[in-house]
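These are the residues of each chain, in order.
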Amino acid sequence: MYHTLRLILVDQLNEQHCWLAEKDEGVLYVLMECRSETDYVRHHIQKIVGFFAAMRRFAALLREKGHAVDYLPLDDPRNRQSVAENIRYLVASLGLQRFEYQEPDEYRLSSELKALAGVLGIPVQGYDTEHFLSSPQAFGELFKGKKTYLMESFYRKMRVKYRLLMEEDGTTPLGGRWNFDAENRKKLPAQAVPPPACLQQHDVRELVDLVHSAGISYIGQIDPLRFTWPLSKAEALQVLEYFLRHGLRFFGTYQDAMTERHPFLYHSRLSFALNVKLIHPLEVVEAAIRYWRSHESEVSLAQVEGFVRQIIGWREYVRGIYWAQMPEYGQLNFFGHQLPLPSWYWTGKTDMRCLRFAIGQSLEHAYAHHIQRLMLTGNFALLYGAHPSEVDAWYLGIYIDALEWVEMPNTRGMSQFADGGIVGTKPYVSSANYIHSMSDYCQGCRYDPKKRYGANACPFNSMYWSFYHRHEALLAKNPRIGMAYRLWSGMDATEKQRILDQAEYYRREVENL
Ligand code: FAD
Ligand code: SF4
């Protein structure tokens, strides 16, 4: 009785998609839980449960709206455990005459569906997901013939295109500036944390049991009675509402601050809901701008601009990079780093207090905010010399919002500089100085943030200099790093050798740090 199969992937839970505006009795919507997706990397258990729980909710919503749905749970005997195999099976067994899908965001799945289209023997059509504000084609046009992709120029185009935070003329940015970063990024005052968020708590015992009975290997922890990531659009809007009331006013100011007192601080926690498409990016930034307009005495333009930039700037930009550079991007290793990550990346058991907190909260919440990802776990992995594929796999597994199109340019590009400067103009590395100035982690740490060598010297310090020393041939000509090399060459030879010896010792003893 059905003529068309329409596939909805686990990160395509967009209830506003044009497909759903009309009912067609000949269309069967198919959603599935597959081992190919749970096993391509070792995921956090909250990520597996969150994706499946949101997809189950979405299937129920489609049924409520009168659409025909075939949902294949992980333990369904019909489930072939791969997206392509399930489609082949359903098309053949139901005698379907047409296959339609929304374009996957991941290169791996996109290739799989394109290959499938060639062998199904029926008409196949791909549709836009209607989620993003820019297309890979437009991104390619904008940077045609250019050697570097400048985020700032992309961001300005997006502001103009969507008339966001613009004067009436449509070309001048509000406040006369495109970017207010200079006023942001302060250290958190003592005691400052946002009020507790009152988030919907879900009972996800059934899915947790399913993960266990299927024998899926995972990382991290979950409280099966109190799972709080949003699973529907209404819940995503509640998270947004909480952020607007309590986070937006400090968003830019404390964007880079890190504290042991709070895992989320003034960040929005919207990345999961955005990335599975429960909520649309334009809806989020327009809500933020509306809130700012009605609370201008409490929320400054700098805060809202900083937030808008993350979503219409960075988020769209990294997607453009991903599609412009794949599949080669996934192999880039500018520094030729080869080491595996220390085993404590999966347990948090290290005496380095900053990393213990960042990894510990990642295992507990499947979340760390941007600066923890960039300047703690990413920074250490780069200074140490971990293989970028190892680092990619860790980030792709541990965070609830991790999908390759956004994870990879951030990790391999921005954080590991394995692309040699496509995303960032210099490696994001720092010594303990930065961590000490932006966090409260160093107080009470076994290591001393002021010491470069000797007993209890902070490993970030010697490893920072040793990184620059090892990669001098690749980095010394970078004008943005000149100062570091000038400082290094100004140190006397004995001092340098002590630092390098200390770094070598720490790199050898990395499991015991
Ligand atoms: P907020 O700080 O509240 O920011 C608001 C929104 O802006 C986010 O929800 C996100 O959608 C967007 N955003 C902010 N920064 C970025 C960025 N650099 N790239 C893309 N979008 C951005 N983000 C992911 O969504 N998935 C990932 O797998 C991912 N991996 C990362 C890996 C590394 C090494 C680094 C340094 C960053 C990564 N990010 C990733 C970007 C960023 O850290 C997260 O988007 C953010 O921490 C999510 O938390 P939030 O929703 O509270 O963000
Ligand atoms: Fe991290 Fe070093 Fe500070 Fe310890 S002293 S918290 S290891 S930066």
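Let me begin by describing the structure that accompanies this report. (Residues numbered from 1 in each chain as written. Chains lettered and ligands numbered in written order. Predicted model: local features only at pLDDT ≥ 70, side-chain atom pairs only at ≥ 80, totals over all residues. Heavy atoms only, no water.)

## Quick look at the nonpolar core
One finds F380 and F460 to be the most contacted residues of the largest nonpolar core, which totals 152 residues. Beyond its immediate chain neighbours, meaning those up to four positions away, F460 contacts M352, C354, L355, M375, L376, N379, F380, L383, S430, S431, A432 and I435. Judged by nonpolar contacts, the second largest core, of 22 residues, contains A84, L96, L109 and L116. (Core = buried A, V, L, I, M, F, W, Y, C linked by side-chain atoms within 4.5 Å. Buried < 20%, exposed > 50% of the residue type's maximum accessible area, 1.4 Å probe, protein only. Contact = heavy atoms within 4.5 Å.)

## Regarding the site of ligand 2
Neighbouring ligand 2 are the residues M352, R353, C354, A432, I435, Y441, C442, C445, Y447, P449, C458 and F460. Of the pockets mapped on this structure, ligand 2 occupies the second largest cavity. For the shell around ligand 2, the per-class residue count stands at 11 nonpolar, no polar and one charged. (Near = heavy atom within 4 Å. 1 Å grid on protein atoms, 1.4 Å probe; cavity = no way out; pocket = protein on both sides within 12 Å on 5 of 7 lines; lining within 4 Å. Sits in = over half its atoms within 2 Å of the grid points. Nonpolar A, V, L, I, M, F, W, Y, C, P; charged D, E, K, R; others polar.)

## Points about empty space enclosed by the protein
The final tally for this structure, using the stated rule, is four cavities of 30 Å³ or more. If you trace the largest cavity, you find 22 residues lining it, with V10, E37, Y40, F51 and L403 closest to the centre. Broken down by secondary-structure element, the contributors of at least two residues to the lining of the largest cavity are helix 1 (35-39), helix 2 (45-64) and helix 4 (107-120). When residues of the lining of the largest cavity are assigned to their parent elements, the largest contribution, five residues, is made by helix 2. Taken as a whole, the second largest cavity encloses approximately 100 Å³ of empty space. Along the walls of the second largest cavity sit 13 residues, with C354, C442, C445, Y447 and C458 positioned nearest its centre. Those elements giving two or more residues to the lining of the second largest cavity turn out to be helix 12 (353-365) and helix 17 (459-470). When grouped by side-chain class, the residues that make up the lining of the second largest cavity number 11 nonpolar, no polar and two charged. (Points joined across faces, edges and corners; volume = space filled by probe spheres on them. Helix = DSSP H or I, 4+ residues; strand = E, 2+ residues; numbered from the N terminus.)

## A look at the sheet that holds strand 4 (residues 98-102)
Strands sit in the order 3-2-1-4-5 across an open sheet of five strands; the sheet is parallel. With partners counted over all chains shown, the strands left at the sheet margins are strand 3 (68-72) and strand 5 (124-127), one partner each. If you compare each strand with its neighbour and ignore which way they point, the axes differ by 25° on average. Sheet topology places strand 1 (residues 4-7) next to strand 4; four bridges connect them, and they run parallel. (Pairing = 2+ DSSP bridges. Axes fitted to C-alpha atoms, helices over the stretch in contact; angles between N-to-C directions.)

## Observations regarding helix 10 (residues 281-294)
Think of an α-helix as turning once every 3.6 residues; residues three or four places apart then point the same way. When the terminal C-alpha atoms of helix 10 are compared, their 20 Å separation across 14 residues agrees well with the 20 Å that a helix rising 1.5 Å per residue should span. Elements that come into contact with the buried residues of helix 10 comprise helix 8 (233-246), helix 9 (271-275) and helix 11 (301-325). (Expected span 1.5 Å × (residues − 1).)

## Things to note about the site of ligand 1
Close to ligand 1 lie 30 residues, the nearest being H267, S268, R269, N275 and Y367. At 3.3 Å from a nitrogen atom of ligand 1 is found a side-chain nitrogen or oxygen belonging to Q310. Those elements giving two or more residues to the shell around ligand 1 turn out to be helix 9, helix 11, helix 13 (370-384) and helix 15 (404-415). Each residue belonging to the shell around ligand 1 can be placed in one class, and the counts come to 15 nonpolar, 10 polar and five charged. (Polar contact = N/O pair within 3.5 Å; in protein donor to acceptor, adjacent residues only side chain to side chain.)

## Overview of the packing of aromatic side chains
If you walk through the whole model with that rule in mind, you get 44 aromatic pairs. Considering the side-chain rings of W465 and W488, the 5.7 Å spacing of their centres and the 10° angle between planes classify their relative orientation as stacked. Remark: W488 occurs in helix 19 (residues 482-490) and W465 occurs in helix 17; sequence separation between them is 23 residues. Taken individually, W465 and W488 each receive the classification buried, so the pair is uniform in this respect. Site record: aromatic cluster; members linked through ring pairs are F334, F335, F417, Y464, W465, F467, Y468, Y485 and W488. Here R108 stacks its cationic end above the ring of Y40, 4.0 Å away from the centre of that ring. The ring of F132 carries the charged tip of R319 above its face, separated from the ring centre by 3.8 Å. (Phe/Tyr/Trp six-rings, centres within 6.5 Å; stacked < 30°, edge-to-face > 60°. Lys NZ or Arg CZ within 6 Å of the ring centre and 35° of its normal.)

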